[in-house]
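# An overview of the molecular structure
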Amino acid sequence: MFLFSALIKYSETSLLIDEEFHIDDVPINVMGDFNVDVKRNEKAFGFMKKHFDLSMVPTKYPSTLGNSYIDSTFTSNISPELLNYVCYFSYHRPTLHRIVTYPRTIEEFKT
């Protein structure tokens, strides 16, 4: 329920109510333990694309010691690179997000 309430303002339904709110440039990065193995059930995340226009970021590495892919990342207007990391105290492998940002203009770079 928290995920839905946090993202509803970015959905098309909400945009019909408030036409002045533009999300074209808002970077959104949603990540977490969704407990659905992406490799076994790729259609489970159609909800995120349909309602919030969030795309799943592909990963090359399993997110648990059991070789499952249950920790996922969804983004809009941002392209992180997912990196594998070693953890010695959890069943889950931490996923690091490398996000490279660039200034839009030379003036922004100087400030």
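Residues numbered from 1 in each chain as written. Predicted model: local features only at pLDDT ≥ 70, side-chain atom pairs only at ≥ 80, totals over all residues. Heavy atoms only, no water.

## Remarks on the sheet that holds strand β2 (residues 55-56)
Our working rule: For two strands to count as paired, DSSP must find a minimum of two bridges between them. Think of it this way: any DSSP run of H or I at least four residues long counts as a helix, any run of E at least two long counts as a strand, and we number them from the N terminus.
On the basis of which strands lie adjacent, the open sheet formed by three strands has the order β1-β3-β2 and antiparallel pairing. With partners counted over all chains shown, the strands left at the sheet margins are β1 (28-33) and β2, one partner each. Strand direction decides the pairing type here: β2 and strand β3 (residues 71-76), joined by two bridges, are antiparallel. Paired with Ser55 across the two strands is Thr75, which belongs to β3.

## Details of the pattern of salt bridges
Note the following rule: Throughout this description, the term salt bridge denotes a Lys or Arg side-chain nitrogen within 4 Å of a carboxyl oxygen of Asp or Glu. Buried residues are those whose accessible area, probed at 1.4 Å on protein chains only, stays under 20% of the maximum for their type, while exposed residues exceed 50% and partly exposed ones sit between those limits.
Tallied over the full model, the rule gives three salt bridges. The partner of Arg40 in a salt bridge is Asp37, with the nearest N and O atoms 3.8 Å apart. Accessibility expressed as a relative area gives 73% for Arg40, which makes it exposed. Across the salt bridge formed by Glu81 and Arg98, the nearest N and O atoms sit 3.6 Å from each other.

## As for unusual backbone geometry
Positive phi, close to 55°, is recorded for Asp53, a residue that is not glycine. Relative to the helices and strands, Asp53 is located in the loop between α3 (46-52) and β2. Asp53 sits in the partly exposed class, given a relative accessible area of 45%. In this structure, Asn77 is a non-glycine residue whose phi angle is positive, near 65°. Along the polypeptide, Asn77 turns up in the loop between β3 and β4 (81-84). We classify Asn77 as partly exposed; its relative accessible area is 43%.

## Regarding the packing of aromatic side chains
Rule in force here: Any Phe, Tyr or Trp ring, taking Trp's six-membered ring, that has another such ring centre within 6.5 Å forms a pair; planes under 30 degrees apart are called stacked, those over 60 apart edge-to-face, and the others tilted. Definition used: whenever NZ (Lys) or CZ (Arg) falls within 6 Å of the ring centre and also within 35 degrees of the ring normal, the charge is taken to sit over that ring.
Taken as a whole and assessed by the stated rule, the structure comprises four aromatic pairs. Seen from their ring centres, Phe34 and Phe45 are 5.7 Å apart, and the 85° between their planes marks the pair as edge-to-face. You can see Phe34 sitting in the loop between β1 and α3 and its partner Phe45 sitting in the loop between β1 and α3, a full eleven residues away along the chain. Classification of Phe45 by relative accessible area gives buried; the value is 9%. Taking the centre distance of 5.3 Å and the plane angle of 85° together, the rings of Phe34 and Phe74 count as edge-to-face. With Phe34 in the loop between β1 and α3 and Phe74 in strand β3, this residue pair connects regions lying 40 residues apart in the sequence. When its relative accessible area of 1% is taken as the criterion, Phe74 is described as buried. An aromatic cluster of three or more residues is present, and its members are Phe34, Phe45 and Phe74. Over the ring of Tyr69 we find Lys39, and its NZ or CZ is 4.9 Å from the ring centre.

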